[in-house]
There are 2 protein chains.
Amino acid sequence: MGINSNRVEDMSGHEAPQETTATATTTSVIVSAMPMPPLEVHKVCLPPARTTVQKLRQRLSEIFFPDDPLHRFKDQTLFRKLVLGLQFFIPALHWPPNYSLKQLKSDVVSGLTIASLAIPQGISYAKLANLPPIIGLYSSFVPPLVYSVLGSSRHLAVGPVSIASLVMGTMLSEAVSYTNEPILYLKLALTATFFAGLFQASLGFLRLGFVIDFLSKATLVGFMAGAAVIVSLQQLKGLLGIVHFTSKMQLVPVLSSTFHHKDEWSWQTIVMGASFLVLLLTTRQISMRRPKLFWISAIAPLASVVLSTVLVLCLKSKLHGIKTIGHLPKGVNPTTSDMLYFHGPHLALAVKTGIITGILSLTEGIAVGRTFAALKNYQVDGNKEMMAIGLMNMAGSCTSCYVTTGSFSRSAINYNAGAQTVVSNVIMAASVLVTLLFLMPLFYYTPNLILAAIIITAVIGLIDYQAAFKLWKVDKLDFLACLCSFLGVLFISVPLGLAIAVGVSIFKILLNVTRPNTIVLGKIAGTEIYQNVSRYREAARVPSFLVIAVEAPIYFANSIYIQERILRWIREEEEWLASNNRNNLKCVILDMTAVTAIDTSGIDTISELRRMLEQRSLKLVLANPVGSVMEKLHESKILELFGLEGLYLTVGEAVADISSSWKA
Amino acid sequence: MGINSNRVEDMSGHEAPQETTATATTTSVIVSAMPMPPLEVHKVCLPPARTTVQKLRQRLSEIFFPDDPLHRFKDQTLFRKLVLGLQFFIPALHWPPNYSLKQLKSDVVSGLTIASLAIPQGISYAKLANLPPIIGLYSSFVPPLVYSVLGSSRHLAVGPVSIASLVMGTMLSEAVSYTNEPILYLKLALTATFFAGLFQASLGFLRLGFVIDFLSKATLVGFMAGAAVIVSLQQLKGLLGIVHFTSKMQLVPVLSSTFHHKDEWSWQTIVMGASFLVLLLTTRQISMRRPKLFWISAIAPLASVVLSTVLVLCLKSKLHGIKTIGHLPKGVNPTTSDMLYFHGPHLALAVKTGIITGILSLTEGIAVGRTFAALKNYQVDGNKEMMAIGLMNMAGSCTSCYVTTGSFSRSAINYNAGAQTVVSNVIMAASVLVTLLFLMPLFYYTPNLILAAIIITAVIGLIDYQAAFKLWKVDKLDFLACLCSFLGVLFISVPLGLAIAVGVSIFKILLNVTRPNTIVLGKIAGTEIYQNVSRYREAARVPSFLVIAVEAPIYFANSIYIQERILRWIREEEEWLASNNRNNLKCVILDMTAVTAIDTSGIDTISELRRMLEQRSLKLVLANPVGSVMEKLHESKILELFGLEGLYLTVGEAVADISSSWKA
């Protein structure tokens, strides 16, 4: 990458002459007494010539390998390369050599903490996806183990998450009833999980990880808030004890279903549900205010489950209205590879659900991983992480698990509890294993209402109104994207809301490309700096010149606009000059510094503009075209039209050279 | 727009002191003998404060009124404003005051010339749209008259065109058979024309004209070539005399249909068709080689029609296999407003066909108008032109016309024949009127093969292989878009081919945004210019500094990439420094000149980057953030994080100031 070329020798202490003029004020008189060099005009260079194949290769390597993943292997022995390669694919090999007892202690504490959260949340989220509760526990066992081998984040707590569960539940139950055809529904869920994993792993393997970048933060804020509202309202079913509830996910049917079945409301359920909800929300508030007390909110769900189960057990003769989980099978995950479903009428649905839940859970997992990696100052490789999450889901789909990823809430608790490595995930999986083997009968009397309360407490944190407010303050269009995805999820549907939000985000990019800024530059007195005249009071226009900076690539989508806008700037300038009896405009300088790319339409625009201005006896010159633009101008032969005198390295040199040529 | 602010007084002859240093080499010693000013660091300004409403208003006015259409009305009397307003809406009012006899003569000549082309082409194109031939003549009468009142191009020759006819024919005949239900088919065509006009006029009225800019030139080159190939192959029906021909439009069914009906081939038709095709192509070649002989290709179609009709009439007893047009009704356009179809099962199809043919014919009309306006140095207002074309089509749909626009081939001939104003369109319409009233029976014996030959001659010019070759040379991705639309049209379908091509074009924009260039800048010795070190040999890195320019807006779609890429530049630099025993890196300067916009994700990236570098004892400063970026940084409070010393107006000032602070 030319890193070794053109480097001035490091003359310890920056005493190179060209620096002194600028930095050392005391010596300035001496320096400036030296005769000024004659007016020097620097030639605009073409970038080093490259063949099409070289260009393509560089382009592709920037698209697919921006992080240069092979740089670690450079200049290493073969054995070292092998070790590094193995470590690359199995990050778990990194930590054992230096793993200490102290780290193990931390990992055990944090692993047990997240297990106490993962067990009740696993059961709850499975219900959110309309799956049997036991699937949620299975999903908290195998995937964390797979991730602990392949994953590169040290703080990610892996398991089922609310958003992916919600989306899977919505999309599948639109086509298949989970009450009438539970086996088919489960098959579809497992198949969707398989495709989610396949999709995630392929994205990582093909190094297409940047696809998830198109879900902007603004989009996600709105989407998550909308999903949280819907999920919370859906929990009214459990909290009010309603039996016949809609399976739809939009705001209107959920609310109407709630009030349509008033006769099914059970006061015992309401009282108990409300009390536990208040309890859980209070512990959440306490932990948020005082991060040191994180364990209160971590332990609260399990405590509530135990407490409510005991209560129901003791008062079962009096509390008829309260629905409980009922029988759960004992034992570890049964294999389900034979339940995957690769043909038949619902395959398309399973693939679609897989892709959408896959991309959503990937986004959450990567974002969570990056957040905690940044806090502890280590790097998470997005593409590798995608492969890890993908393989974990593919393995999960064969062992009774549905879509899992890194959960934000549990990872935060994992981090706060002092997790050091992925061993905390292993500890958590072990605790879940103990539960699966021995403790399942204890859940018989656990009331559904407590699951509803746990879900509400978990998803309420997804409503990030402060982030939305900041979006409004900083960027109105970002806020619009956020609002669109929020309302889209609430009133239309989850996938469509997401699609609308992505559309708005892309539209925003296109809008910026279609209607770029053009500004008029003026010279800051005493310098060679040219700046926006409407922003810098010191910047003044140079007589007979009009300097226009175009702040965007010139593409088919904006070439007509840019041409018209430049002509308008010229017209307005000429009108002003005429009405103030000033000298005529003689030269238009286009500052191309921010024109980072050009296509064939853009090239036509430039030559068209040059032709039009020539007819009006106005000179058009370009200042500082960037490398790729220069190449295209050269290839299209337009440079010959401009010739040597039509291209300058800076606006300052252009003004100086052209005005001196006028004098001569 | 700040046009009056900050202007240095025009001191006749540029003798302002700051210019002398740069321009007058002879006085440079004297000037430079003045003591140098102390190191001056310019503050980075925020743009003038504006309220949200002001910002929104400016943004909207740039989107919808980039040409400032009201500037003509400024500082005028009320009466003058009224006249100007009337002229604005009816451009026809512009020319009568100065219209001369000489101009009239030119217009009559050119009007008659294009009429001789419009009559056979009108009949041919109507057949291309599977409509009765007479509809093509009707469409060459009313729309040109409407356009001559509302249109602002002086050279546009209005009438049916091949692409729109083809697309309408394809889309409608997929749902309705034009042989079995000719009335319904005609109704649908008229309704589609109405919606095309409504869509076009709304685009113009709502000033959304930029929508058509998304059909890039590359897309159109491919699309038109594909359409031309399909249309030409379809004409094999007429040229070979096949009766049972497919109504499909893809390459494969058309070719298989041609060879499947070999028994229907008629040798008389083939001989006659081939002869006339060769004749027409020869005249086309002659006119292309010698533009002065344009009238040869202009007159050839009508001459061929006359000749072939006479031939068929004389030899009718011997030429059985040759199909002729047959009876055509006399008289002017019947009104068809009662045939428009605003409900029922095919409404959606009519709307869709209308929108697609509308946008295609608009693109052709506007492009043609702009081309000839540029040649004669006048401006065509895109949005006004859209309203004119739209109203013309709406009027047409009520008077038996189908979609019309400005035809490229006829406009070129109009231009070459010396057309001065839209009067040439009026003359053409008058000629068509005479034909409609008196000459219709003459077409009874006109053979269909001649129409096929005329169509092929017309569309063959749409295959612009030179443009495609230029695309390949200048921009490989543009060529890909071109190829996609070409192949899409040939093998899939016309609308889908178009959609794919637009998709590729948008993908290209997004790709450029997702993977922007980042370059390392070095200082050109003896100047304050910082340039790409891999492009300019003179540019050398400044010790202890790393100057990185980001060449794109920082968005959600690229913020992760930019962060990783910058970290990689730093890593590579540090590795190089370490292996060469140089001083450590101390400061990273981000040149933000080309970062034309930033969103909330981008802001997070900047502050994240600053935090990460701070932990590694590296200073991060920003140079020259543009106005809108500066505003966003300010609103998000990130500026406070950077403070005064983290922002510089130029890279040069940043280097100078920071290195002097290290010394102090």
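What counts, and at which threshold
Residues numbered from 1 in each chain as written. Chains lettered and ligands numbered in written order. Predicted model: local features only at pLDDT ≥ 70, side-chain atom pairs only at ≥ 80, totals over all residues. UniProt positions renumbered as here; feature names shortened; annotations may be inferred. Helix = DSSP H or I, 4+ residues; strand = E, 2+ residues; numbered from the N terminus. Buried ≥ 20, exposed ≤ 12 C-beta atoms within 10 Å, placed from the backbone. Contact = placed C-beta atoms within 7 Å. Core = buried A, V, L, I, M, F, W, Y, C linked by C-beta atoms within 7 Å. Axes fitted to C-alpha atoms, helices over the stretch in contact; angles between N-to-C directions. Parallel < 35°, antiparallel > 145°, perpendicular 65-115°, else oblique. Left-handed = near helix turned anticlockwise from the far one by under 90°. Nonpolar A, V, L, I, M, F, W, Y, C, P; charged D, E, K, R; others polar. pLDDT = per-residue confidence, 0-100. Pairing = 2+ DSSP bridges. Right-handed = clockwise from strand over helix to strand, strands pointing away. Expected span 1.5 Å × (residues − 1). Domains from an automatic or database assignment.

- An unreviewed UniProt entry annotates chain A as STAS domain-containing protein originating from Buddleja alternifolia.
- You can read under Subcellular location (unreviewed entry) in the UniProt record for chain A the words "Membrane".

**Some thoughts on the overall build of chain A**
Then, number 1: Within chain A, the regular secondary structure consists of 27 helices and 9 strands.
Then, number 2: Considering only C-alpha atoms, chain A reaches an extent of 105 × 65 × 55 Å along its principal axes.
Then, number 3: Out of the 664 residues belonging to chain A, those deemed buried represent 50%.
Then, number 4: Within chain A, counting contacts between residues at least 6 apart in sequence, those at least 24 apart form 80% of the total.

**Things to note about the nonpolar core**
Then, number 1: With 368 residues, the main nonpolar core has Ala189 and Ala227 of chain A together with Ala189 and Ala227 of chain B as its most contacted residues.
Then, number 2: Sequence-distant contacts of Ala227 of chain B, that is, excluding residues within four places in its chain, are made with Ile163, Leu166, Leu462, Val489 and Val494 of chain B.

**Some points on the packing of helix α5 (residues 101-128) of chain A against helix α14 (residues 294-314) of chain A**
Residues and elements named next belong to chain A.
Then, number 1: The contact between α5 and α14 brings their axes to 8 Å, and the two run at 45°. Judged by the angle between their axes, α5 and α14 are oblique. Between α5 and α14 lies a crossing whose hand is left-handed. Contact residues: α5 offers Thr113, Ser116, Leu117, Ile119, Pro120 and Gln121, while α14 offers Trp295, Ala298, Ile299, Pro301, Leu302 and Val305.
Then, number 2: Across the contact of α5 with α14, the residue classes break down as 9 nonpolar, 3 polar and no charged.

**Examining the confidence of the model for chain A**
Residues and elements named next belong to chain A.
Then, number 1: This prediction gives chain A a mean pLDDT of 83; 94% of its residues lie at or above 70.
Then, number 2: Considering only residues more than four positions removed or in separate chains, one finds that residues 1-38, a stretch of pLDDT under 50, has 63 contacts.
Then, number 3: As scored by the predictor, the complex reaches a pTM of 0.76 and an ipTM of 0.78.

**Comments concerning the UniProt feature "transmembrane region" (unreviewed entry) in chain A**
All names here are of chain A.
Then, number 1: UniProt records the feature "transmembrane region" (unreviewed entry) for residues 157-178, 184-206, 218-245, 265-281, 293-313, 417-443, 449-467 and 479-507 in the present numbering.
Then, number 2: As annotated, residues 293-313 comprises 95% helix and 0% strand, and the C-alpha atoms at either end are separated by 30 Å.
Then, number 3: Across residues 449-467, helical content stands at 79% and strand content at 0%; the span's end C-alpha atoms are separated by 31 Å.

**Thoughts on the pairing of strand β6 (residues 545-550) of chain A**
All names here are of chain A.
Then, number 1: In terms of burial, β6 is largely enclosed, as 5 of its 6 residues are buried.
Then, number 2: Note that strand β3 (residues 518-524) and β6 share 4 bridges and pair antiparallel. From the neighbouring strand, Leu521 faces β6, where its bridge partner is Val547.
Then, number 3: Running through helix α23 (residues 559-579), the crossover from β6 to the neighbouring parallel element strand β7 (residues 587-591) is right-handed.

**Comments concerning helix α24 (residues 600-615) of chain A**
Think of an α-helix as 3.6 residues a turn; residues three or four steps apart then line up on the same face.
Then, number 1: Given a rise of 1.5 Å per residue, 16 residues ought to cover 22 Å, and the 23 Å separating the end C-alpha atoms of α24 of chain A matches this to within 8%.
Then, number 2: What α24 of chain A keeps buried is the set Thr600, Ser601, Gly602, Ile603, Thr605, Ile606, Leu609 and Arg610 of chain A.

**Here we look at the domain arrangement of chain A**
Interface size, as often reported, equals the accessible area lost upon joining of the parts.
Then, number 1: You can read the domains of chain A as domain 1 (101-509) and domain 2 (516-663).
Then, number 2: Placing a centre on the C-alpha atoms of domain 1 of chain A and another on those of domain 2 of chain A gives a separation of 55 Å.

**Let's talk about the environment of Ser304 of chain A**
Residues and elements named next belong to chain A.
Then, number 1: Relative to the helices and strands, Ser304 resides in helix α14.
Then, number 2: Separated by 24 residues in sequence, Ser304 and Leu280 have C-alpha atoms that sit 8.0 Å apart.
Then, number 3: Leave out the neighbours within four places in its chain, and Ser304 touches Phe276, Leu279, Leu280 and Ile450.

**Regarding the environment of Gly111 of chain A**
Residues and elements named next belong to chain A.
Then, number 1: Among the secondary structure elements, Gly111 is positioned in helix α5.
Then, number 2: The spatial distance from the C-alpha of Gly111 to the C-alpha of Val588 is 68 Å, given a sequence separation of 477 residues.
Then, number 3: Among residues more than four places away in sequence, those in contact with Gly111 are Ser424, Val426, Ile427 and Met428.

**Description of the pairing of strand β6 (residues 545-550) of chain B**
Then, number 1: Across 5 bridges, β6 of chain B lies against strand β7 (residues 587-591) of chain B in parallel orientation. The residue of β7 of chain B that forms the bridge with Val547 of chain B is Ile589 of chain B.

**Overview of the packing of helix α10 (residues 217-234) of chain A against helix α21 (residues 476-492) of chain A**
Residues and elements named next belong to chain A.
Then, number 1: With their axes 7 Å apart at the nearest point, α10 and α21 run at an angle of 25° to one another. Of the possible angle classes, the one that applies to α10 and α21 is roughly parallel. Viewed along their axes, α10 and α21 form a crossing whose handedness is right-handed. Within the contact between the two elements, α10 uses Ala218, Thr219, Val221, Gly222, Phe223, Ala225, Gly226, Ala227, Val229 and Ile230 and α21 uses Asp478, Phe479, Ala481, Cys482, Leu483, Cys484, Ser485, Phe486, Val489 and Leu490.

**Regarding the environment of Thr527 of chain A**
All names here are of chain A.
Then, number 1: Following the sequence through the fold, Thr527 ends up in the loop between β3 and β4 (530-532).
Then, number 2: Overall, the presence of 20 C-beta atoms within 10 Å leaves Thr527 in the buried class.
Then, number 3: The sequence separation of Thr527 and Gly222 amounts to 305 residues, and the corresponding C-alpha distance is 47 Å.

**A few points about unusual backbone geometry**
All names here are of chain B.
Then, number 1: In this model, Ser544 sits at a positive phi of 70°, which is unusual for a non-glycine residue.
Then, number 2: Tracing the backbone through its elements, the reader meets Ser544 in the loop between β5 (539-540) and β6.
Then, number 3: Residue Ser544 is classed as partly exposed on the basis of its C-beta count, with 18 C-beta atoms lying within 10 Å.
Then, number 4: If you check the backbone angles, Asn624 has positive phi at about 55° while not being a glycine.
Then, number 5: With respect to the helices, strands and loops of the structure, Asn624 is situated in the loop between β8 (619-623) and α25 (627-635).
Then, number 6: The class for Asn624 is buried, based on 24 C-beta atoms found within 10 Å.

**Digging into helix α18 (residues 423-439) of chain A**
Residue and element names in this part refer to chain A.
Then, number 1: For α18, spanning 17 residues, the distance from its first C-alpha to its last is 23 Å, which sits close to the expected 24 Å at 1.5 Å a residue.
Then, number 2: Those residues of α18 lying buried are Val423, Ser424, Asn425, Ile427, Met428, Ala429, Ser431, Val432, Thr435 and Leu436.
Then, number 3: Check the buried side of α18 and you find it contacts α5, α6 (133-138), α7 (142-150), β1 (158-159) and α17 (408-416).

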